[in-house]
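Breakdown of the fold
Each chain is listed here by its residues.
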Amino acid sequence: MKKIVLMSLILSLFFSLQASFAESWDDFGGLDKAWDGQKSVTNKEFEEAINVFEKKQKEKEAKQRKKKIKKIGGGGTSLHNELNPDNEITELAPLKKKNEEGHLLNIPVSLIIDETLLDKGFYKIIAEKDKNGDIYLMFYQSQFFKGKVRACETEDDYDEDDLDFVKLTPYNDNFVKIIFGSLEFNAYAYVRFIE
């Protein structure tokens, strides 16, 4: 009896599986008509689709490039707008070889140059290097020569923004320091003064 029940169970299972396999094979019956609803694509439409994908790829590469530049350069525009990597490089003004007209300097104290008194006021300062390599700072008011001081050449640019400059700075109770800068050389001189 057990054999009969077991055989009938196996046969019923076998026939039910075949019925389910038959249903799944019926699903592939419409395979012949699968391409009927498709629209054909022209070459022009295909190229437009490819161009859209290439454009997105180029934008992605540009973003990555900007990220790398920002990572290396620190953002470019974070502190100074003129350092923006997207800006065009403007032509720089040509450097003057020598400032022949001199620099205007306001002297608020009376200077003693070669034992003569140089009054307070505005002076045009012109620096010259003679044939021996000595540097002299010459003081002019209008077109009149008022005196000259020997200066020492230095490599220090005194953290100035410009190449051509002249400044008077206090040194101690008896002397002021005059610093001069140009394209050719930088120099300084200590000059006695009285109030």
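As shown above, the structure is provided for reference.
Residues numbered from 1 in each chain as written. Predicted model: local features only at pLDDT ≥ 70, side-chain atom pairs only at ≥ 80, totals over all residues. Heavy atoms only, no water.

**Looking at the side chain of Ser182**
- On the secondary structure map, Ser182 appears in the loop between β8 (175–181) and β9 (186–194).
- A residue is classified by how much of its surface remains accessible, and Ser182, at 11% relative accessible area, is buried.
- Discounting residues that sit within four places of it in the chain, Ser182 has contacts with Leu163 and Asp164. (Helix = DSSP H or I, 4+ residues; strand = E, 2+ residues; numbered from the N terminus. Buried < 20%, exposed > 50% of the residue type's maximum accessible area, 1.4 Å probe, protein only. Contact = heavy atoms within 4.5 Å.)

**Section: unusual backbone geometry**
- Backbone geometry places Glu115, a non-glycine residue, at a positive phi of 65°.
- Looking at the secondary structure, you find Glu115 in the loop between β2 (110–113) and β3 (116–118).
- Backbone geometry at Tyr158 places phi at a positive 60°, although glycine is not the residue there.
- The residue Tyr158 is located in the loop between β6 (144–154) and β7 (165–170) in this model.
- Given the relative accessible area of 17%, Tyr158 is considered buried.

**Examining the pattern of salt bridges**
- In the structure shown here, the tally under the stated rule is three salt bridges.
- Put simply, Lys129 and Glu153 hold a salt bridge, and the shortest N to O gap is 3.3 Å. Taken as a pair, Lys129 in strand β4 (residues 121–129) and Glu153 in strand β6 lie far apart in primary sequence, 24 residues in all.
- Taking relative accessible area as the criterion, Lys129 reaches 41% and is therefore assigned partly exposed.
- By relative accessible area, Glu153 is classed as partly exposed at 40%.
- Of the charged contacts, one joins Glu160 and Lys167 as a salt bridge, the two residues approaching to 3.2 Å between their closest N and O atoms.
- By relative accessible area, which is 23% here, Glu160 ends up partly exposed. (Salt bridge = Lys/Arg side-chain N within 4 Å of Asp/Glu carboxyl O.)

**A few points about the packing of aromatic side chains**
- This model, assessed by the stated rule, comprises six aromatic pairs.
- Taking the centre distance of 6.0 Å and the plane angle of 35° together, the rings of Phe180 and Phe185 count as tilted. This pair shows no difference in class: Phe180 is buried, exactly as Phe185 is.
- Ring geometry for Tyr188 and Tyr190: centres 5.6 Å apart, planes at 70°, overall edge-to-face.
- Taken together through their ring pairs, the aromatic side chains of Tyr171, Tyr188 and Tyr190 make up a single cluster.
- Sitting above the plane of the Tyr188 ring, Lys177 keeps its charged end 5.1 Å from the centroid. (Phe/Tyr/Trp six-rings, centres within 6.5 Å; stacked < 30°, edge-to-face > 60°. Lys NZ or Arg CZ within 6 Å of the ring centre and 35° of its normal.)

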